[in-house]
Amino acid sequence: MDKSLFVNGIHLNYIMSLKKWRVLNLKSVFKESQYPGSYSTFRKIITSLESKNLIKSYQDPFSSKKYLFLTEHGEAYVGAKEGRPALSNETLLHDSKVVEICMLLTDFPAIKEVELEHQLVDRTSFKSTYRICPDALIHGERKGQKFRMAFELELTQKTKAKYLAKIQQYLDSSAYDYVFYFFPGDGVYASYKEHITETFSEKAFSKIIMGVNQTLLTKKFDIKKTKIHFQNKEVDIEILFGN
């Protein structure tokens, strides 16, 4: 047997977080793995798993962080469900940021669970129940009230007709209590806010939460610096989800 192809089962345990989250930066994989050794030794394990074609890496062009994701070969090893939507090179930046934001949101007391898009499409009943598939579905509880919140990350400006049509679907849907739109800069955020107000009136912001964070595409992304617009007020994210 070619020893170079041997996969250490213990090493597989260290990347199990990629089965759920799909794409994580290296430090997050290290943290989630609870690896007992040093970070430098962990990096060597990751390099070995890359050489065996179990994982691939991607470098964020903005923060230069290294992100990891399972190959098809790797998904088979960790027991991921067959037929999951494949990660696309064109959407890696978007998908990695969705995961990063959602992981950080789970640190807030009001956020109890996150289901990502690939997990949602795996559920046969999802489309008939929810109809619209967001980037993530967030389950939470605030002031004793449970809620379901769609999450949408808008890195770039979509056409007005396209995003307003989706917002109309969210407003008409009883499956979601809220929808949280997240932006990396003021330009797209202001444009969406203006057009939502013009089309649906300010009442839409009783369901639509808008967040903008200008550190998202930097080396020092800080979720606590997110500015929130909700119920026609500027709200601190820690107060909104701090319970």
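Just above sits the structure.
It should be emphasised that the depicted structure is a prediction, and the values quoted were computed from it without experimental measurement. (Residues numbered from 1 in each chain as written. Predicted model: local features only at pLDDT ≥ 70, side-chain atom pairs only at ≥ 80, totals over all residues. Heavy atoms only, no water.)

Caption draft 1: Structural context of the nonpolar core. If you look at the biggest cluster of nonpolar residues, it comprises 56 residues, and the most contacted ones within it are Leu105, Phe151 and Phe241. The element best represented in this core is helix α6 (residues 92-105), accounting for eight residues. Core analysis: the next-biggest nonpolar cluster, separate from the first, contains 23 residues, Ala150, Tyr189, Ala204 and Phe205 among them. (Core = buried A, V, L, I, M, F, W, Y, C linked by side-chain atoms within 4.5 Å. Buried < 20%, exposed > 50% of the residue type's maximum accessible area, 1.4 Å probe, protein only. Helix = DSSP H or I, 4+ residues; strand = E, 2+ residues; numbered from the N terminus.)

Caption draft 2: Quick look at the pairing of strand β5 (residues 136-142). Across five bridges, strand β4 (residues 111-116) lies against β5 in antiparallel orientation. Residue pairing across strands places leucine 116 opposite alanine 136, the latter belonging to β5. Judged from the seven bridges that link them, β5 and strand β6 (residues 145-153) form a sheet pairing that is antiparallel. By the bridge assignment for β6, glutamate 141 is matched with lysine 146. Where β5 folds back onto β6 in an antiparallel hairpin, the turn is made up of two residues, including lysine 143, whose phi is positive at roughly 50°. (Pairing = 2+ DSSP bridges.)

Caption draft 3: Main features of helix α9 (residues 160-172). A rise of 1.5 Å per residue sets the reference length of α9, with its 13 residues, at 18 Å; its end C-alpha atoms lie 18 Å apart and thus fit the reference within 8%. All of the buried residues in α9 are Tyr163, Leu164, Ile167 and Tyr170. Down the axis of α9, the buried side of the element spans an arc of 115°, and every buried residue falls inside it. Exposed positions of α9 whose direction lies more than 90 degrees from the buried face are Ala161, Lys162 and Asp172. Each element contacted by the buried residues of α9 is listed here: β6, β7 (178-183), α10 (186-200) and β8 (208-212). (Expected span 1.5 Å × (residues − 1). Arc of directions from axis to C-beta. Contact = heavy atoms within 4.5 Å.)

Caption draft 4: Seen up close, unusual backbone geometry. The phi dihedral of glutamine 34 falls on the positive side, at around 55°, and the residue is not glycine. Positive phi values are uncommon outside glycine, yet serine 201 reaches one of about 75°. What makes serine 201 partly exposed here is its relative accessible area of 31%.

Caption draft 5: How the structure looks around the packing of helix α3 (residues 26-33) against helix α4 (residues 39-51). Viewed as axis vectors pointing N to C, α3 and α4 meet at an angle of 105°, and their least axial separation amounts to 11 Å. With respect to their mutual orientation, α3 and α4 come out roughly perpendicular. Across the interface between the two elements, Leu26, Lys27, Val29, Phe30 and Ser33 from α3 touch Tyr39, Phe42, Arg43 and Ile46 from α4. In terms of residue class, the contact of α3 with α4 is made up of six nonpolar, one polar and two charged. (Axes fitted to C-alpha atoms, helices over the stretch in contact; angles between N-to-C directions. Parallel < 35°, antiparallel > 145°, perpendicular 65-115°, else oblique. Nonpolar A, V, L, I, M, F, W, Y, C, P; charged D, E, K, R; others polar.)

Caption draft 6: Representation of α4. Under the 1.5 Å per step criterion, the end-to-end length of α4 is 19 Å for 13 residues, consistent within 8% with the ideal 18 Å. For α4, the full list of buried residues reads Phe42, Ile45, Ile46 and Leu49. The arc that holds the buried residues of α4, viewed along the axis, is 100°, so those residues lie on one side. For α4, the exposed residues lying more than 90 degrees away from the buried face are Lys44 and Ser51. Lining the buried residues of α4 we find α1 (9-13), α3, β2 (55-59) and β3 (66-70). Once α4 finishes, asparagine 53 follows within two positions and takes phi at roughly 60°, a positive value.

Such coordinate-based values are descriptive only and should not be taken to indicate function.
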